[in-house]
Amino acid sequence: MTLTRFSRLSAGRCLTRNSVRNIPWTVKHGSRQATGQIAGTLSSSTKLSNRHVSGTAGASTASTTWIDRLPPKIRPYLYLTRIDKPIGTLLLFYPCAWSITMASYALEAPLTVPLTYLGLFGLGAMVMRGAGCTINDMWDKNLDKAVERTLSRPLARGDINQRQALAFLAGQLTVGLGVLLHLNWYSILLGASSLSLVTVYPLMKRITYWPQAVLGLTFNWGALLGWSAVAGAVNWSVCLPLYAGGVCWTLVYDSIYAHQDKLDDINVGIHSTALLFGEQTRPILGALSASTVSLIGLAGVLNAHGAPFYLGLGLGAAQLARVLWKTDFESRPSCWQGFVGCGWSGFWIWMGALGDYAVLISGLT
């Protein structure tokens, strides 16, 4: 087992002068609760460093993938997009799929409509998730060198340079624009407006303990865009609770994800909800999961959905409960499995909406 040099530090040395400046404000002002929260995080981080932290899907020790069978010159660019880890694309795609399917249900659209837009948004999710990863790694090149899980990323390792990454990003955004131009003008403008969130998200981890919230605003934009693509405009009464539910969902899965790096994050001054929530992570994520289900359920009520929708939503809720019950926040492999498991909740929610639409077009209602 290979441990990062930070993992060999004792718990007493984890709080350097820089990391003290970066702990929540309340700690500096004597809040007993917040002090215990950070102490719990440090204790948990120390435990994490002594457990199974390598050889997992989320670890930096690169295992052989299908990318390694491709020509060496293109491998760094494919690894830059994380195309070998499709969970990120799926997490971006599911809010789009919810919205497209729910809009098709509301408008009683023919089958060709959701099929067309699900295909376009699926391609767009893959391209724009890759573009987001490129932007993130360009921002985080030096930070990634100090975090065990990310030190083998192409830019951090020096496989490609910033200029090459920028040229590649231009190509990704061009393909993304090509997908966007297949939509109506309302949707084109709405989609383009999300680029500011995509660009600033990597900066947020440097200035706030809530970068996961900004990621939620970014990754769930499809909950608005999918509806406008089908209907020509957003139905805000349905889409706002759907979007808010998606943001809460992102806070759940990305907080679990952030627990993988909490020891390294303390040392390099990166902020996250994993550090902010500390020992209270499980109950807080439980509340966020309940908010996810409630808000998406409200969107279903406002869109006049039937039993299949709520069956899918119930399965999604059960999956989130299962993840929170089973995830060990001190184990990197367990956090990765919990992160991936959250994706299944989004899948079941989509299946519920799709089931309702299938019943509608089959004439069984």
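Nothing here was measured: the structure is a model prediction, and the numbers come from that model.

A. Region of the structure containing the overall build of the chain. Looking only at helices and strands, one finds 20 helices and zero strands in the chain. Approximately 16,000 Å² of the chain is accessible, and the part contributed by carbon and sulfur atoms is 65%.

B. Spotlight on a nonpolar patch on the surface. A grouping of Trp66, Ile83, Leu123 and Met126 is seen on the molecular surface, where their side chains present a nonpolar patch of about 340 Å² in accessible area. Among the structural elements, Leu123 can be located in helix 7 (residues 112–139).

C. Region of interest: helix 18 (residues 281–302). Taking 1.5 Å of rise per residue, 22 residues should cover 32 Å, and helix 18 covers 31 Å from first to last C-alpha, within 8% of that figure. Inspection of helix 18 places Thr281, Leu285, Leu288, Ser289, Thr292, Ile296, Gly297, Ala299 and Gly300 among the buried residues, and these make up the whole buried set. The secondary structure elements touched by the buried residues of helix 18 are helix 6 (87–107), helix 15 (236–258), helix 17 (273–277), helix 19 (307–326) and helix 20 (332–361). At the C-terminal side of helix 18, Ala304 shows a positive phi close to 60 degrees.

D. Fine view of helix 13 (residues 211–219). Burial analysis of helix 13 places seven of its nine residues in the buried class, the great majority of the element. Looking at helix 13, one finds that the buried residues are Pro211, Gln212, Val214, Leu215, Gly216, Thr218 and Phe219. Elements that come into contact with the buried residues of helix 13 comprise helix 6, helix 12 (195–207), helix 15 and helix 17.

E. How the structure looks around the side chain of Asp261. Checked against the element boundaries, Asp261 lands in the loop between helix 15 and helix 16 (262–268). Polar contacts involving the side chain of Asp261 include one to the side chain of Arg149, which spans 2.4 Å. Not counting residues up to four positions away in its chain, the partners in contact with Asp261 are Val147, Arg149 and Arg332.

F. Structural view of the pattern of salt bridges. Within the structure shown, the criterion is met by 10 salt bridges. Note that Arg206 and Asp140 form a salt bridge whose closest N and O atoms lie 2.8 Å from each other. Of the two residues, Arg206 sits in helix 12 while Asp140 sits in the loop between helix 7 and helix 8 (141–144), which places them 66 residues apart along the sequence. Linked by salt bridges that have partners in common, Arg82, Asp137, Asp144 and Arg153 make up one network.

G. Spotlight on the packing of aromatic side chains. Tallied over the full model, the rule gives 16 aromatic pairs. Look at Tyr77 and Phe168: their rings are 5.1 Å apart centre to centre, the planes differ by 55 degrees, and that puts the pair in the tilted class. Of this pair, Tyr77 sits in helix 5 (residues 75–80) while Phe168 sits in helix 10 (residues 162–180), and the two are 91 residues apart along the sequence. For Phe168, a relative accessible area of 25% translates into the label partly exposed. A centroid spacing of 5.3 Å and a plane angle of 80 degrees characterise the contact between Trp344 and Phe347, whose relative ring orientation is edge-to-face. In this pair, Trp344 and Phe347 are both assigned in helix 20, three residues apart and thus about one turn of the helix distant. Looking at Trp344, the relative accessible area reads 47%, which means it is partly exposed.

H. View of the packing of helix 14 (residues 222–231) against helix 15. Between helix 14 and helix 15, whose axes approach to 9 Å, the crossing angle comes to 150 degrees. As far as their axial angle goes, helix 15 and helix 14 are roughly antiparallel. When you trace helix 14 past helix 15, the crossing you get is right-handed. In this structure, helix 14 uses Ala223, Leu224 and Trp227 to contact helix 15, whose residues at the interface are Trp236, Val238, Cys239, Leu242 and Tyr243.

I. Local environment of unusual backbone geometry. Positive phi outside glycine occurs at Glu108, with the angle close to 50 degrees. Within the secondary structure layout, Glu108 lies in the loop between helix 6 and helix 7. Positive phi, close to 60 degrees, is recorded for Ala304, a residue that is not glycine. Looking at where Ala304 falls in the secondary structure, it is placed in the loop between helix 18 and helix 19. We classify Ala304 as exposed; its relative accessible area is 54%.

J. Local environment of the nonpolar core. With 70 residues, the main nonpolar core has Phe121 and Ile256 as its most contacted residues. In terms of residue count, helix 15 provides more of this core than any other element does, 12 residues in total. For Phe121, the residues in contact, after removing those within four places along its chain, are Phe93, Cys96, Ile100, Leu183, Leu225, Gly226 and Ala229. Judged by nonpolar contacts, the second largest core, of five residues, contains Leu80, Leu155, Ile160 and Ala165.

K. Expanded view of the packing of helix 7 against helix 10. Viewed as axis vectors pointing N to C, helix 7 and helix 10 meet at an angle of 155 degrees, and their least axial separation amounts to 9 Å. Taken together, the axes of helix 7 and helix 10 are roughly antiparallel relative to one another. For helix 7 against helix 10, the interelement crossing comes out left-handed. Counted together, Leu120, Leu123, Gly124, Val127, Met128, Gly130, Ala131, Thr134, Ile135 and Met138 of helix 7 and Gln162, Ala165, Leu166, Phe168, Leu169, Gln172, Leu173, Val175, Gly176 and Val179 of helix 10 form the full contact between these two elements. Here the residues of the contact of helix 7 with helix 10 are counted per class, giving 14 nonpolar, six polar and no charged.

L. Summary view of the environment of Ala156. As for its position among the elements, Ala156 is in helix 9 (residues 154–157). In this structure, the C-alpha to C-alpha distance between Ala156 and Asp137, residues 19 residues apart in sequence, is 7.9 Å. Excluding anything up to four places from it in sequence, Ala156 contacts Lys141, Asp144, Lys145, Thr150 and Leu151.

Conventions and cut-offs
Residues numbered from 1 in each chain as written. Predicted model: local features only at pLDDT ≥ 70, side-chain atom pairs only at ≥ 80, totals over all residues. Heavy atoms only, no water. Helix = DSSP H or I, 4+ residues; strand = E, 2+ residues; numbered from the N terminus. Areas by Shrake-Rupley, 256 points an atom, 1.4 Å probe, with all protein chains shown as cover. Patch = residues over 30% accessible without salt bridge, like charges linked within 9 Å, V, L, I, M, F, W, Y side chains within 5 Å. Salt bridge = Lys/Arg side-chain N within 4 Å of Asp/Glu carboxyl O. Expected span 1.5 Å × (residues − 1). Buried < 20%, exposed > 50% of the residue type's maximum accessible area, 1.4 Å probe, protein only. Contact = heavy atoms within 4.5 Å. Polar contact = N/O pair within 3.5 Å; in protein donor to acceptor, adjacent residues only side chain to side chain. Phe/Tyr/Trp six-rings, centres within 6.5 Å; stacked < 30°, edge-to-face > 60°. Axes fitted to C-alpha atoms, helices over the stretch in contact; angles between N-to-C directions. Parallel < 35°, antiparallel > 145°, perpendicular 65-115°, else oblique. Left-handed = near helix turned anticlockwise from the far one by under 90°. Core = buried A, V, L, I, M, F, W, Y, C linked by side-chain atoms within 4.5 Å. Nonpolar A, V, L, I, M, F, W, Y, C, P; charged D, E, K, R; others polar.

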